[in-house]
Amino acid sequence: MSRLKALGWTILLLSAGVFSDEAADVCDSKPCQNDGVCVRLGGDYRCQCSNEPQDGHIYGGQNCTVALLGCERHRCQNGATCSPYLSKGHHRYRCSCPEGFAGTRCQTSTTFSFDRSGFLHIQSPIEDATVTLNVTLSFRTVQSMATLLRCQVDEQFLSLELRDGRLRHTLQVQDVQLALLELSRDVSDGHWHTVHAFLHSSGLLGVSLLHASCSPETCHKEVLVETVESNTLPELGSGLAEVQNLYIGGRGGQQQTPHAGDELAVEHGAATFFLGCMRDIRLRSRMVVPGSGVRQVNVSLGCSERDACLDGPCQNRGRCISLGWRKHTCECHRPYEGDDCSQEYIAARFGNEDLESYAIFSVPDEPGDSFTVSMFVRTRRLQGLLLVLSNSTSQYLRLWLEGGKVKVQINNFESLLGRDSINDGHFHLMSLFLDPGRLSLAQSAKPQGSVAIRRLVVQAGDTVHVGGLPDRKASMAFGGYFKGCVQDLRLGFRRLQFYPINTTVSSYSPENMVEVTRGCRGDNSCSKNPCLNGGVCYSMWDDFTCSCPPNTAGRRCEEVKWCDLSPCPSTAACQTHSQGFECATNATLRDGSPVITHRGNGKIRRFLHSVSLSFRTRKPNATLLHAERESEFITVSLQDGRLVLELQVGESAPLLRVQSQTGVSDGQWHSAILSMDNPALESSTWTMVLDQEESSVSSLASGDLDFLREDVDIMLGGLGPLANLEGCLGLVEIGSLSLPFYSQTELNLPRPQEEQFLRTSGSPSFGCQGSRVCDPNPCQNGGECQDLFDLFQCRCPSLWAGQMCETNSAACLSNPCIHGSCRVVPEGYKCLCESGYTGQRCEEEVDLCAGHKCSNGGTCLRGLKQYACLCPRNTTGPLCKERVPELPWYIDRIPYPKLPVSVCGNERWNYSCFNGGNCSTLKDTCDCLSGFTGQWCEMELDECASNPCLNGGYCRNLVNKFQCMCEMSFAGEHCQIDVSDFYLYVFLLLWQNIFQLLSYLILRLDDDPEIEWNAANDE
């Protein structure tokens, strides 16, 4: 038998060698085409065709010579890769799915996400008793603490979790943890990671992170779990339980209830759920897809790349900054902190219910040369000490309120006052920037000013006082204790927290707080009910507001809107005053009617130094106001149509009198204000202002009107008891207190003001009503009648004129007057002609020289309005009737100058300017030379008319001058010098000199020898 076996093996080996040689010969011939690889298979071969396209095709078949066409019309979806192949001669294809998709055509998405607490629950029987758990999944998250899956088989619990960003795989039986595996790699980075977790019935527990960059040492761990010595525990992986419950993304029934802020809870390790995305879950090599018979809670298909900041995770206006997939950070505005800016620094209340309060902090370190002191301040007070920095020797920085503004003082020298007030009841961020040599102040990022300072150093151990100082007197020196709230106080980067928040920040704790309360609750300002007149008080922060009844106003409802209560009769208009109301109306008084009298109510305390009144009358003499007490009196009256004030105060005081400059008895309304110019003085001049335009001042001084406060009758309309005024009175006031025309009983409500004058007698006719001059209407042709108190005036429509619009003014519309103006008259029209024209229509030109009266050959010069005479040389005068006296025979005659003549005028009329006169720019006149006059310079002025020559001198009339011809004994310009004695003296002196000369010559001739004058010539 052994020989037969040996023979058989020999034959087989020989046969194998032959076939091998044949196969080698076949592969050597390269039967596989298109980069196919020939593989020997015993005595045959097989071609492994290339998956790379050759000439644009992938080839298959026995020798890789058949172009595969299965992918030409493939239906692979979602970016899947199509691979063509041949099956029994038919062209077919298969789809290679990318991660996150499955199915024959990769049409099913295996990606899903947990945006909040949720899970997938997979309940399945255990088909293979040797494998308790075999699951592979990919996940993506930024959580550092989360539950990826939890599997329960009977009393065995398998958990795959994230702890501090690392994968942890644990096995727990009942409450006993039997094994724990943890990988060291951080996978909470927002990228996709694939993990494989398993437990075999042999007790082998393992976890692997499937990644190309992983090494077995860092990405794979397994352990053989030994059975706990307890008869009550089932055998590991024994398969006694027929069903396993697998929870993906959470713990199922043990999971926390979803609520707002799940992410925050996860970050602190309190959550038992997963937030992020998962895909390609394979349970025992079978793909698990949400919705395919799987129970799911809060599961969303797909994995959104949505920016986490779009969900607005930052509260209280915090700024969200995206850090990648589902990662963000919040930049918080003060006074908020925390990952989502939900933590607010707790404010400290100072001065609650007006208690004196303060807080003390100690500085444990040095903030440096440059640092900032900042805080939120809320107050309604104008004064108060905010903060003091001090050391053992001095207070080197003070911050307090002064007039509602922040003021800073450094080292008791340099100080800076902010520009804006902060006492409006709102929080304001105050920032104090201290740099070497410079201090700057800002309010809510708005600069408040800066100032140069000396060097300031904050050292460890220094003290910060907030709200005041333990020494009350020292606090009062800087506005007293602060009343309000301080929040988020910072010194440099350190917080000075009155009450700590949950978020961990670098801060100082207070060493002592006196009467400082938590929060920023204001006082109950309504506890004492500050609202008046039935107002309802509503408390605001450290303030109140009053809801006033409809008839009141003001912050405390102190202003009653009296006029809303209709206190006045229908004939009066209500006017509100600061203390009450007045019923304004006019009163009509007639001659003989009773005067209206008033008296003070005995409560007038103000000084009375003015009278104001309005009136209307046509009577030139009447009394408007009169009051007197003993020797003191005041009278305001009309005298000869003018307004007159007469005032005398004191026994020996002079009578003061002021009178208006214009008349007021014209039936029109007039107003007058009579007042002391200087009320502070005991005696002063008075001024009368009429109709707010005309002003008159008294020449004398007088006192005020305080004697009218009480027990004095003030009469309106006359001196009493009957009036002498025919007209109307309007508002009358003394010292801004009105003299009412209504008594208290005639009003619907009594006047509430304390100081007032009361009407004591008289029953005036309310309103201003004169004679019914416009009823019936006297104006004709549609004219409007205007009542001017006992007189009317018609306002005529166009084309009508006259006192009662009785004249038709259409007659002048055609302008019938050629050289004149048209005036409407009852007969039609009348022309008022211009100078030089006459006729009914001013059409005829007037010849003024016709019938002229120029005498002695004078020439008539015609003008537009008059004529003049041009006289010959021997006559003068307007009509040339005066003869010029003849010159005596012994006076030389001077030729009269021949002066030029200028011709002036226009097409209508021309004229001449004589004696050198020029045409004037004025109409129809001449500019004359000196010495001539007349409209056309035709008359020479007679300079001798005033007889300037004295002592019988003859006056010669020249052009613009005169010359006196004097007698022998007189000389001078006016012959005013008597020279008769002068001529005798000159004659005697001359005769004496001649006599002496002759005597001298005679004596010389007798004594000297003779001289022959021609002797020399004879020789």
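Look up a bit, the structure's there.
Please read these numbers as outputs of a predicted model, since none were measured by experiment.

Draft legend 1. Summary view of the overall build of the protein. Across its full length, the protein holds 6 helices and 86 strands. The C-alpha atoms of the protein give a radius of gyration of 65 Å, which is well past the 31 Å a tight globule of 1019 residues would have. For the protein, long-range pairs separated by at least 24 residues make up 52% of all intrachain contacts whose partners lie at least 6 apart in sequence. Of the roughly 56,100 Å² that the protein leaves accessible, carbon and sulfur atoms contribute 50%. Counting 87 positive and 117 negative side-chain charges, the protein places the centres of these two groups 11 Å from one another.

Draft legend 2. Quick peek at the sheet that holds strand β29 (residues 358-362). Strand order in the open sheet formed by 7 strands is β34-β33-β32-β31-β38-β29-β42, with antiparallel pairing between adjacent strands. Here the strands that pair on one side only, and so sit at the sheet edges, are β34 (414-421) and β42 (510-514). In this sheet, neighbouring strand axes are inclined to one another by 10° on average, regardless of whether the strands run parallel or antiparallel. Where β29 meets β42, 4 bridges bridge the pair, whose relative direction is antiparallel. Within the sheet, the bridge partner assigned to Phe361 lies in β42 and is Pro510.

Draft legend 3. The environment of Arg398, seen in detail. Considering the arrangement of structural elements, one finds Arg398 in strand β32 (residues 395-402). As a C-alpha pair, Arg398 and Val388 span 10 residues in sequence and 4.6 Å in three-dimensional space. Filtering out sequence-adjacent residues up to four positions away, Arg398 remains in contact with Leu387, Val388, Lys407, Val408, Gln409, Asn412 and Phe478. In terms of polar contacts, Arg398 uses its side chain to reach the side chain of Gln395, at 2.9 Å. Of the polar contacts made by the side chain of Arg398, one reaches the side chain of Gln409; its length is 2.6 Å.

Draft legend 4. Spotlight on the pattern of salt bridges. Applying the stated criterion across every chain, the model contains 35 salt bridges. Between Lys407 and Glu402 there is a salt bridge; the shortest N-O distance is 3.6 Å. Classification of Lys407 as buried rests on a relative accessible area of 18%. A residue is classified by how much of its surface remains accessible, and Glu402, at 31% relative accessible area, is partly exposed. When salt bridges that share partners are traced, they join Arg349, Asp354, Arg381, Lys483, Asp523 and Asp542 into one network.

Draft legend 5. Quick peek at unusual backbone geometry. Here the amide bond leading from Arg334 into Pro335 is cis, since omega sits at 10°, within 30 degrees of zero. The omega torsion across Asp775 and Pro776 is 5°, close enough to zero to call that bond cis. With respect to the helices and strands, the residue Pro776 is situated in the loop between β64 (765-766) and β65 (784-787). In this model, Asn316 sits at a positive phi of 55°, which is unusual for a non-glycine residue. Structurally, the position occupied by Asn316 is in the loop between β23 (300-301) and β24 (319-322). The class of Asn316 is partly exposed, set by a relative accessible area of 29%.

Draft legend 6. View of the environment of Ser698. By the element assignment, Ser698 lies in strand β59 (residues 694-702). Residue Ser698 is classed as buried on the basis of its relative accessible area, which comes to 6%. For the pair Ser698 and Tyr829, spaced 131 residues apart in the sequence, the C-alpha separation amounts to 52 Å. If we skip the residues at most four places from it in the chain, Ser698 touches Leu656, Arg657, Val658, Thr685 and Trp686. From its side chain, Ser698 meets the backbone oxygen of Leu700 in a polar contact 2.8 Å long.

Draft legend 7. Structural detail: the side chain of Asn915. By the secondary structure assignment, Asn915 is in the loop between β78 (910-913) and β79 (918-919). The exposure class of Asn915 is buried, given its relative accessible area of 16%. Looking at Asn915, its side chain comes within polar contact range of the main-chain oxygen of Cys937, at 2.8 Å.

Draft legend 8. Spatial organisation of the sheet that holds strand β53 (residues 622-629). Across the sheet, 7 strands lie side by side as β56-β55-β54-β53-β60-β51-β63; this open sheet has antiparallel pairing. Since the sheet does not close on itself, it has two edges, and those belong to β56 (656-663) and β63 (757-761), each with one partner. Neighbour to neighbour, the strand axes of the sheet diverge by 15° on average, direction disregarded. The pairing of β53 with strand β60 (residues 714-716) spans 3 bridges and is classified as antiparallel.

Draft legend 9. Molecular detail of the environment of Lys830. Here Lys830 is to be found in strand β70 (residues 828-833). Taking the C-alpha atoms as reference points, Lys830 and Cys817, 13 residues apart in sequence, are found 8.4 Å from one another. Contact partners of Lys830, with chain neighbours within four places excluded, come to Cys817, Ser821, Cys822, Arg823 and Val825.

Draft legend 10. Broad picture of the state of the cysteines. For the coordinates displayed, the defined rule picks out 33 disulfides. In this model, Cys97 is linked to Cys106 through a disulfide, with the two sulfur atoms separated by 1.9 Å. With the S-S bond torsion at -95°, the cross-link from Cys97 to Cys106 turns out left-handed. A relative accessible area of 0% means that Cys106 is categorised as buried. Residue pairing for Cys913: its cysteine sulfur links by disulfide to Cys926, the two sulfurs lying 1.8 Å apart. Disulfide Cys913 to Cys926: torsion about the S-S bond roughly -80°, handedness left-handed. Linking Cys913 in strand β78 with Cys926 in strand β80 (residues 926-927), this pair joins segments that are 13 residues apart in sequence.

Draft legend 11. A look at the nonpolar core. Core analysis: the biggest nonpolar cluster contains 45 residues, and Ile634, Leu643, Leu705, Leu708 and Ile734 have the highest contact counts within it. No other element matches the 4 residues that β53 contributes to this core. Ignoring any residue separated from it by four or fewer positions in sequence, one finds Leu643 in contact with Phe615, Leu624, Val636, Ser637, Leu638, Val658, Gln659, Ser660, Val664, Ala672, Met688 and Leu690. Among the nonpolar cores identified, the runner-up in size contains 43 residues, and Met375, Val486, Leu491 and Tyr508 belong to it.

Draft legend 12. Up close: the packing of aromatic side chains. Summed over the entire model, instances satisfying the criterion amount to 10 aromatic pairs. Ring geometry for Phe350 against Phe498: centres 5.8 Å apart, planes inclined by 80°, an arrangement best described as edge-to-face. Taken together, the positions of Phe350 in strand β28 (residues 348-350) and Phe498 in the loop between β40 (494-496) and β41 (507-508) put the pair 148 residues apart, joining distant regions of the chain. For Phe350, a relative accessible area of 0% translates into the label buried. Each ring, one from Trp562 and one from Phe581, has its centre 6.1 Å from the other, and the planes form 40°; the classification is tilted. In this pair, Trp562 sits in the loop between β47 (559-560) and β48 (573-576) while Phe581 sits in strand β49 (residues 581-584), placing the two residues 19 residues apart along the sequence. One aromatic cluster is present, built from ring pairs that chain together Phe350, Phe361, Phe482 and Phe498. Just above the ring of Tyr85 sits the side chain of Arg94; from NZ or CZ to the centre is 4.1 Å. Geometry around Phe413 places Arg454 over its ring, the cationic atom sitting 4.1 Å from the centre.

Draft legend 13. The arrangement of a nonpolar patch on the surface in detail. Taken together, the side chains of Leu990, Trp991, Ile994, Phe995, Leu997, Leu998, Tyr1000 and Leu1001 present a nonpolar region at the surface, about 870 Å² in accessible area. When you line up the elements, Leu997 lands in helix α5 (residues 980-1007).

Draft legend 14. Layout of the pairing of strand β38 (residues 463-466). As defined by bridge partners, β29 adjoins β38 across 4 bridges and the pair is classed as antiparallel. Within β38, the position partnered with Ser362 by the bridge is Thr463. Direction of pairing for strand β31 (residues 384-390) relative to β38: antiparallel, over a ladder of 4 bridges. Pairing of Leu389 across the sheet is with Val464, part of β38.

What counts as what
- Residues numbered from 1 in each chain as written.
- Predicted model: local features only at pLDDT ≥ 70, side-chain atom pairs only at ≥ 80, totals over all residues.
- Heavy atoms only, no water.
- Helix = DSSP H or I, 4+ residues; strand = E, 2+ residues; numbered from the N terminus.
- Rg over C-alpha atoms; globule rule 2.2 N^0.38 Å.
- Contact = heavy atoms within 4.5 Å.
- Areas by Shrake-Rupley, 256 points an atom, 1.4 Å probe, with all protein chains shown as cover.
- Lys, Arg positive; Asp, Glu negative; His and termini not counted.
- Charge placed at Lys NZ, Arg CZ, Asp CG, Glu CD.
- Pairing = 2+ DSSP bridges.
- Axes fitted to C-alpha atoms, helices over the stretch in contact; angles between N-to-C directions.
- Polar contact = N/O pair within 3.5 Å; in protein donor to acceptor, adjacent residues only side chain to side chain.
- Salt bridge = Lys/Arg side-chain N within 4 Å of Asp/Glu carboxyl O.
- Buried < 20%, exposed > 50% of the residue type's maximum accessible area, 1.4 Å probe, protein only.
- Disulfide = S-S within 2.5 Å.
- Core = buried A, V, L, I, M, F, W, Y, C linked by side-chain atoms within 4.5 Å.
- Phe/Tyr/Trp six-rings, centres within 6.5 Å; stacked < 30°, edge-to-face > 60°.
- Lys NZ or Arg CZ within 6 Å of the ring centre and 35° of its normal.
- Patch = residues over 30% accessible without salt bridge, like charges linked within 9 Å, V, L, I, M, F, W, Y side chains within 5 Å.

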